[in-house]
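Here are the chains, one letter per residue:
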Amino acid sequence: RVLAGLSVEVLQAAGPTAPATVVRVVEDAQMAASAEAMVAELGLSGLLGFDFVVEQGTGRRLLIELNPRATAICHLAARPGEG
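Right, let's walk through the structure included here. None of the values given here were measured: they were computed from a predicted structure.

1. Some points on the overall build of the chain
- The helix and strand tally for the chain stands at 1 helix and 4 strands.
- Along its sequence from the N terminus, the chain presents helices and strands in the succession β-β-α-β-β.
- Burial analysis of the chain (83 residues in total) assigns 11% to the buried set.
- Taking all contacts inside the chain whose residues are at least 6 apart in sequence as the whole, residues at least 24 apart take part in 21%.

2. Points about helix 1 (residues 29-42)
- Between its first and last C-alpha, helix 1 extends 20 Å over 14 residues, near the 20 Å set by a 1.5 Å rise per residue.
- As for helix 1, its buried residues are in contact with strand 1 (7-13), strand 3 (49-54) and strand 4 (61-67).
- Two or three places before Q30, at the start of helix 1, stands the capping residue D28, its side-chain oxygen 3.1 Å from that residue's backbone nitrogen.
- After helix 1 finishes, the residue G43 shows a positive phi value of roughly 65 degrees.

3. Details of the pairing of strand 4
- Sheet topology note: the strand 3/strand 4 ladder contains 6 bridges and is antiparallel. When the sheet's bridge partners are listed, F50 is paired in strand 4 with L66.
- Following strand 3, the chain reverses through 6 residues before pairing antiparallel with strand 4; G57 in that reversal takes a positive phi of roughly 95 degrees.

4. Quick look at a nonpolar patch on the surface
- Together, V10, V23, V25 and L76 make up an exposed nonpolar region whose accessible area comes to about 290 Å².
- Residue placement: V23 occurs in strand 2 (residues 20-26).

5. With respect to the nonpolar core
- By size, the foremost hydrophobic cluster in this structure holds 5 residues: M31, A35, V39, F50 and F52.
- Elements with a contribution of two residues or more to this core: helix 1 and strand 3.
- The leading source of residues in this core is helix 1, at 3 residues.

6. Some points on the pairing of strand 1
- Direction of pairing for strand 1 relative to strand 2: antiparallel, over a ladder of 6 bridges. Bridging from a neighbouring strand, V8 pairs with V25 of strand 2.
- Between the antiparallel neighbours strand 1 and strand 2 lie 6 residues.

7. A few points about the pattern of salt bridges
- A complete count under the given rule lists 3 salt bridges for this structure.
- R24 serves as the salt-bridge partner of E9, at 2.7 Å between the closest nitrogen and oxygen. Remark: R24 occurs in strand 2 and E9 occurs in strand 1; sequence separation between them is 15 residues.
- By relative accessible area, R24 is classed as partly exposed at 41%.
- Among the ionic pairs, R61 bridges to D28, the shortest N-O distance being 2.8 Å. In this pair, R61 is assigned in strand 4 and D28 in the loop between strand 2 and helix 1, connecting sequence segments 33 residues apart.

Conventions and cut-offs
Residues numbered from 1 in each chain as written. Predicted model: local features only at pLDDT ≥ 70, side-chain atom pairs only at ≥ 80, totals over all residues. Heavy atoms only, no water. Helix = DSSP H or I, 4+ residues; strand = E, 2+ residues; numbered from the N terminus. Buried < 20%, exposed > 50% of the residue type's maximum accessible area, 1.4 Å probe, protein only. Contact = heavy atoms within 4.5 Å. Expected span 1.5 Å × (residues − 1). Polar contact = N/O pair within 3.5 Å; in protein donor to acceptor, adjacent residues only side chain to side chain. Pairing = 2+ DSSP bridges. Patch = residues over 30% accessible without salt bridge, like charges linked within 9 Å, V, L, I, M, F, W, Y side chains within 5 Å. Areas by Shrake-Rupley, 256 points an atom, 1.4 Å probe, with all protein chains shown as cover. Salt bridge = Lys/Arg side-chain N within 4 Å of Asp/Glu carboxyl O. Core = buried A, V, L, I, M, F, W, Y, C linked by side-chain atoms within 4.5 Å.

What follows is the structure, encoded as C-alpha cells:
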C-alpha cells in the first residue's frame, strides 16, 4: 500500500520532452489513485516515482514511466525542519 505520495505539476521545462526546471506541488486524485492501483496490483514496495503526462483536451493523466527509486522531487514533501 502507498504510505505517502507527492504530486507536482510542471510549470517550466528545459524543452518539450526535457526534464522539469520549475514545478508546483499539487493534489491530484487521479495520479494518486493510479499509483495506488499499480502498487497494489504489482505488489511494489520501496521508494517509487510515477511519471504522468496530461492529455490535452481531456485532462486525463497518462502514466508514461515508473522509476524504482527516489526521484528528484522527494525533498519537496519535507516540512520546515524535517529535511
